[in-house]
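Residues per chain, in single letters:
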Amino acid sequence: MADGYGKRVWRCGGRSVSFDRTRVMGIVNVTPDSFSDGGLYFDAGRAVEHGLRLVAEGADLLDVGGESTRPGAAGVGPDEEARRVLPVIRALAAQCGVPVSVDTRRPEVARAAVEAGACIVNDILPFAGDAAMAAVVRETGAGVVLMHMRGTPQTMAGCAVYADVVAEVEVALRASLAYADAEGIGRGQVVIDPGIGFAKTTAHNVSLLAATARLSRLAPVLVGASRKRFIGELCREPDASARVGGSVGAAVWCALQGAAVVRVHDVKATCQALTVVCELAGHRGD
Ligand code: PMM
């Protein structure tokens, strides 16, 4: 099903993730204020329990974040971010059996997270013009997600202006890939992400999801559409936790278009859907 990446492997430190099928990344937000599950796993013990449950439900990867990126969210300092994520990453890396990613824009947090056992840096402000993040990835050999966004979570709402969103995101992702090349990061370490919901309107998000196959020609693609506001707008569902059906629909679409990874909250429902669709895609009914 993951067209074009059958033999590709994501090099993540000492580990590797095969893209012989679309991989499911479960989300562990150690935050009091994420839009999707704010506060539920703010306590480290609960966050670890949640991560272990997601792996039991079928997650191939876990992504641990300590700073909410919802539009207008107040940023936290690096010390507080590290205090939130490091114990959770340390415990999950020791116990969960799947690669653990750190969702951060700060090189110092990324480095400490890799020392604590993370093997992927999910960088939502790709390198941010800051060679320090590239150095963390190069020196540790960690996998890296290069996500597209404009502005910061505090300012991005005003940056959602594009003449051709797919072409402009593609140009920006190419520039991130070129920067990674220039910094000596191996292509096998890199996954790109169109940044659904980051400086994008609902129409922009739909255009980008429709272009998953096109973007996948640049590099393996990770898509994070789960529970996001555009799903609420399309489905008229204001409650983020009640957007499971729309989120699973988006994940199935992305998998059928060749996405390498889908980043989701509802791991069990997503894995069931992808298993059935994968099985059906292998058969012809006519
Ligand atoms: N979305 C959120 C946070 N981190 N990282 C990547 N690579 N891609 C995303 O789309 C993404 C992300 C939004 O917040 P959530 O953790 O509450 O879903």
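Along every chain, residues carry numbers that run from 1 in the direction the sequence is written. Local features are withheld for residues below a pLDDT of 70 in this predicted model, meaning they are given only at 70 or higher, and side-chain atom pairs are given and counted only at 80 or more; totals for whole chains, interfaces and linings count all residues. Side-chain measures here rest on the full set of heavy atoms in the structure, leaving out hydrogens and waters.

Caption draft 1: Structural view of the overall build of the chain. Counting its regular elements, the chain contains ten helices and ten strands. With the C-alpha coordinates aligned to their principal axes, the bounding extent of the chain is approximately 55 × 40 × 40 Å. Burial statistics for the chain: of 286 residues in total, 54% are counted as buried. When the accessible surface of the chain is split by element, carbon and sulfur atoms take 53% of a total near 11600 Å². Each helix corresponds to a stretch of at least 4 residues labelled H or I by DSSP, and each strand to a stretch of at least 2 residues labelled E; elements are numbered beginning at the N terminus. Accessible area is worked out with a 1.4 Å probe on protein chains only. A residue is then buried under 20% of its type maximum, exposed over 50%, and partly exposed in between. In these tables, accessible area is a Shrake-Rupley quantity obtained with a 1.4 Å probe, and a residue counts as shielded only by the protein chains included in the view.

Caption draft 2: Broad picture of the packing of helix H9 (residues 244-256) against helix H10 (residues 267-281). The contact between H9 and H10 brings their axes to 9 Å, and the two run at 40°. The angle between the axes of H9 and H10 places the two elements in the oblique class. Classified by chirality, the crossing of H10 by H9 is right-handed. Each of Val244, Val248, Ala251, Val252, Ala255 and Leu256 in H9 lies in contact with H10, whose residues at this interface are Ala269, Thr270, Ala273, Leu274 and Val277. Within the contact of H9 with H10, the residues separate by chemical class into ten nonpolar, one polar and no charged. Axis definition: a line fit to C-alpha positions, over the contact stretch in the case of helices; interaxial angles, taken between N-to-C directions, run 0 to 180 degrees. Each angle gets one of four labels, with under 35 degrees taken as roughly parallel, over 145 as roughly antiparallel, 65 to 115 as roughly perpendicular, and the rest as oblique. Crossing handedness follows the turn of the near helix against the far one: under a right angle anticlockwise gives a left-handed crossing, and clockwise gives a right-handed one. Here, two residues are considered to be in contact whenever any of their heavy atoms come within 4.5 Å of each other. Just so you know the grouping, Ala, Val, Leu, Ile, Met, Phe, Trp, Tyr, Cys and Pro go in nonpolar, Asp, Glu, Lys and Arg go in charged, and all remaining residues, Gly too, go in polar.

Caption draft 3: Seen up close, the environment of His50. Within the fold, His50 resides in helix H1 (residues 44-56). Considered as a pair, His50 and Leu92 are 42 residues apart in the sequence and their alpha carbons are 10.0 Å apart.

Caption draft 4: Expanded view of helix H3 (residues 107-115). Pro107, Val109, Ala110, Ala113 and Val114 are the residues of H3 that are buried. Along the axis of H3, the buried residues cluster in a sector spanning 160°; they form a single face. Where H3 is buried, its residues meet helix H2 (78-95), strand S5 (100-103), strand S6 (120-123) and helix H4 (131-140). Of the residues one or two after H3, Gly117 is the one with positive phi, at around 125°. Our arc is simply the arc of the directions from the helix axis toward the C-beta atoms.

Caption draft 5: Geometry of the nonpolar core. Residues belong to a common nonpolar core when they are buried Ala, Val, Leu, Ile, Met, Phe, Trp, Tyr or Cys residues joined through side-chain atoms within 4.5 Å. In this structure, Leu62, Val64, Ile89 and Val121 are the most contacted members of the largest nonpolar core, which totals 77 residues. Residues in contact with Leu62, not counting those within four places in the same chain, are Met25, Gly26, Val28, Gly51, Leu54, Val55, Leu92, Cys96, Val98, Pro99, Val100 and Ser101. Core analysis: the next-biggest nonpolar cluster, separate from the first, contains 13 residues, Val17, Leu61, Val191 and Val261 among them.

Caption draft 6: Structural view of the packing of aromatic side chains. Two rings from Phe, Tyr or Trp (for Trp, the six-membered ring) form a pair when their centres are within 6.5 Å of each other. A pair whose planes differ by under 30 degrees is stacked, one over 60 is edge-to-face, and the rest are tilted. For the structure shown, the criterion picks out one aromatic pair. Centroid distance Trp10 to Phe19: 6.0 Å. Interplanar angle 35°. Geometry classified as tilted. In this structure, Trp10 and Phe19 share a single accessibility class: buried.

Caption draft 7: Seen up close, H2. For H2, spanning 18 residues, the distance from its first C-alpha to its last is 25 Å, which sits close to the expected 26 Å at 1.5 Å a residue. The quantity called bend is, for any residue, the angle between two axes fitted respectively to the seven residues ending at it and the seven beginning at it. A bend of about 30° at Val85 is the largest found in H2, and the proline Pro87 appears one to four places after it. By the burial criterion, the buried members of H2 are Glu81, Ala82, Arg84, Val85, Leu86, Val88, Ile89 and Leu92. Residues of H2 that are buried sit in contact with strand S3 (23-29), H1, strand S4 (61-65), S5 and H3. Backbone geometry just downstream of H2 places Gly97 in the positive-phi region, at approximately 85°. Expected helix span is computed as 1.5 Å times (number of residues minus one).

By themselves, these observations are geometric and do not establish any function.
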